[in-house]
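The lines below spell out each chain.
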Amino acid sequence: MQDELKKQAAQAALPYIKDCKILGVGTGSTVNHFIDLLAPIKQQFDGAVSSSEASTKRLIELGIPILNLNTVGTLDVYVDGADEVNANLQLIKGGGGALTREKIIAAASKTFVCIADESKLVSCLGASPLPIEVIPMARHYVAEQILGLGGKPIWRENFTTDNGNIILDVHAMQITNPLELEKIINNMAGVVTVGLFADRAADIVLLASESGTKTLTASNR
């Protein structure tokens, strides 16, 4: 059933890209459904900027050219999923390990559309592990700093990001001030970025449920 809800959320994003020529595309199971839905309208796009090698592969197979963000500049729309969403449209992302590229593309996009099923909406972020992309030599140092903040960091072993780094997944953190925590962790030496999307939150969140898809917007904050 959850897979059907993911498809439903992906479908709900299509109206937001109807005039889009260059599309920002995220990573994950819900985004995979979104990419599949692009097949009938692929001629609309001049290309896409992708946040991961996995999404890049799917887009190329579909026949949508992959563009370099350095060449494109600002994107009109970025579509991606989330591990958790709160009422302020702040997110935890990075379960698939693509958080750094996702954060870059989100920052470079005018509109960030997040697609998810209703189970991802939480009153307080932190029930899901919070991923941090870390330079390998800084793993122990960053883990010690996270322990000092009350979190339990676990090294995602046998996983390397597309940028050649490692992931620490932080458990047992109740994130009452996402913006402050994002800044604290991002300022740690050796951290590439943390999977908190608070400074650049989503503009629109589409939450699929059995009773329909609910739209949360920045005006709801």
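Scroll up a little and you will see the structure.
Residues numbered from 1 in each chain as written. Predicted model: local features only at pLDDT ≥ 70, side-chain atom pairs only at ≥ 80, totals over all residues. Heavy atoms only, no water.

Enquirer: Where do I start with the packing of aromatic side chains in this structure?
Expert: How two aromatic rings sit relative to each other is given by the distance of their centres and the angle of their planes. Taken as a whole, this structure holds two aromatic pairs when the rule is applied. Relative to F112, the ring of Y78 lies with its centre 5.2 Å away and its plane at 35 degrees, an arrangement referred to as tilted. You can see Y78 sitting in strand β3 (residues 75-80) and its partner F112 sitting in strand β6 (residues 109-117), a full 34 residues away along the chain. Pairwise contacts between aromatic rings join Y78, F112 and F197 into one cluster. Across from the ring centre of F197, 5.6 Å away, lies the NZ or CZ of K93, which sits over that ring. Residue placement shows K103 over the ring face of F197; its charged tip is 5.2 Å from the ring centre. (Phe/Tyr/Trp six-rings, centres within 6.5 Å; stacked < 30°, edge-to-face > 60°. Helix = DSSP H or I, 4+ residues; strand = E, 2+ residues; numbered from the N terminus. Lys NZ or Arg CZ within 6 Å of the ring centre and 35° of its normal.)

Enquirer: Explanation requested: the sheet that holds strand β10 (residues 191-194) in the structure shown.
Expert: The strands that make up a sheet pair up through hydrogen bonds in the backbone, lying either parallel or antiparallel. Pairing within the open sheet is antiparallel, and its four strands lie in the order β8-β9-β7-β10. Edge positions in the open sheet fall to β8 (152-155) and β10, since each of these has one partner strand only. Recorded for the sheet is a direction-independent mean angle of 30 degrees between the axes of neighbouring strands. In this fold helix α5 (residues 99-107) packs onto β7 (130-134), β9 (166-171) and β10, with an angle of close to 65 degrees to the strand it touches most, β10. (Pairing = 2+ DSSP bridges. Axes fitted to C-alpha atoms, helices over the stretch in contact; angles between N-to-C directions. Contact = heavy atoms within 4.5 Å.)

Enquirer: What is the right way to read the nonpolar core from this model?
Expert: Grouped burial of nonpolar side chains is what soluble globular proteins tend to show. With 25 residues, the main nonpolar core has I17, L23, F34, L38, V79, V113 and I115 as its most contacted residues. The set of elements that each furnish at least two residues to this core consists of α1 (2-12), β1 (22-25), α2 (29-37), α3 (53-62), β3, β6 and β12 (204-209). Not counting chain neighbours up to four residues away, the residues in contact with L23 comprise I17, F34, L38, F45, G47, A48, V49, V77 and V79. One finds A138, V142, I146 and V191 within the second-largest nonpolar core, a separate group that totals 21 residues. (Core = buried A, V, L, I, M, F, W, Y, C linked by side-chain atoms within 4.5 Å. Buried < 20%, exposed > 50% of the residue type's maximum accessible area, 1.4 Å probe, protein only.)

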